[in-house]
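Chain by chain, the residues:
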Amino acid sequence: QLTLVESGGDLVQPGGSLRLDCAAFGPMKYVTIGWFRQAPGKDREIVSCITARGRITHQAESAKGRFTTYRDNDKKMAYLQMNNLKPDDTDVYYCAADSQGTECSGTMPYWGKGTAVTVSS
């Protein structure tokens, strides 16, 4: 059993930065972690995916060069560093997890409740 809690969402101006945190309560070192986002009226989309050993296996084209995903298994934490934020990045962001060796997808069994990011001047 794994519980995920996101934090770090905020209102930020275009060009600003935020770091989203995902705290895990359970065997995080053994799971794949994904970051997703969803805007009203749109489907949930994957932002990034990181394996239990820290290998990035997916990164959305819209986030390349701006977002970085990393994790600290000793602290049971995963992070999404977002730089040069744009209004189109305004979404609710979620972290999700699945067993080690799996790929990130919308059907991952463990999800946080989400944290809201608003990019506006």
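Residues numbered from 1 in each chain as written. Predicted model: local features only at pLDDT ≥ 70, side-chain atom pairs only at ≥ 80, totals over all residues. Heavy atoms only, no water.

(A) Broad picture of the environment of Ser 48. Note on placement: Ser 48 falls in strand β5 (residues 45-50). Ser 48 sits in the buried class, given a relative accessible area of 4%. Taking the C-alpha atoms as reference points, Ser 48 and Ala 63, separated by 15 residues in sequence, lie 8.5 Å from one another. With residues up to four places along the chain from it excluded, the contact list for Ser 48 reads Ile 33, Gly 34, Trp 35, His 58, Gln 59, Thr 69, Leu 80 and Cys 104. Of note is the side chain of Ser 48, whose polar atom sits 2.4 Å from the side chain of Thr 69. (Helix = DSSP H or I, 4+ residues; strand = E, 2+ residues; numbered from the N terminus. Buried < 20%, exposed > 50% of the residue type's maximum accessible area, 1.4 Å probe, protein only. Contact = heavy atoms within 4.5 Å. Polar contact = N/O pair within 3.5 Å; in protein donor to acceptor, adjacent residues only side chain to side chain.)

(B) Here's a closer look at the nonpolar core. Residues Phe 67, Leu 80, Met 82 and Tyr 93 are the most contacted members of the largest nonpolar core, which totals 24 residues. At the level of secondary structure, the elements contributing two or more residues to this core comprise β3 (18-25), β4 (31-38), β5, β8 (77-82), β9 (91-99) and β11 (115-119). Non-local contacts of Leu 80, meaning those with residues more than four positions away in its chain, are made with Leu 18, Arg 19, Leu 20, Trp 35, Val 47, Ser 48, Phe 67, Thr 68, Thr 69 and Tyr 93. Membership of the second largest hydrophobic core comes to six residues, among which are Phe 36, Ala 96, Cys 104 and Met 108. (Core = buried A, V, L, I, M, F, W, Y, C linked by side-chain atoms within 4.5 Å.)

(C) Local environment of the pairing of β9. With seven of its nine residues buried, β9 lies for the most part within the structure. Here eight bridges tie β4 to β9, and the two strands are oriented antiparallel to one another. Within the sheet, the bridge partner assigned to Trp 35 lies in β9 and is Cys 95. By the bridge criterion, three bridges tie β9 to β11 in an arrangement that is antiparallel. Bridging from a neighbouring strand, Val 92 pairs with Ala 116 of β11. The pairing of β9 with strand β10 (residues 110-111) spans two bridges and is antiparallel. Bridge pairing in β10 links Ala 96 to Trp 111. (Pairing = 2+ DSSP bridges.)

(D) View of unusual backbone geometry. For Lys 76, which is not glycine, the phi dihedral falls at a positive 55°. Take Lys 76: it is sitting in the loop between β7 (67-72) and β8. The class for Lys 76 is partly exposed, based on a relative accessible area of 37%.

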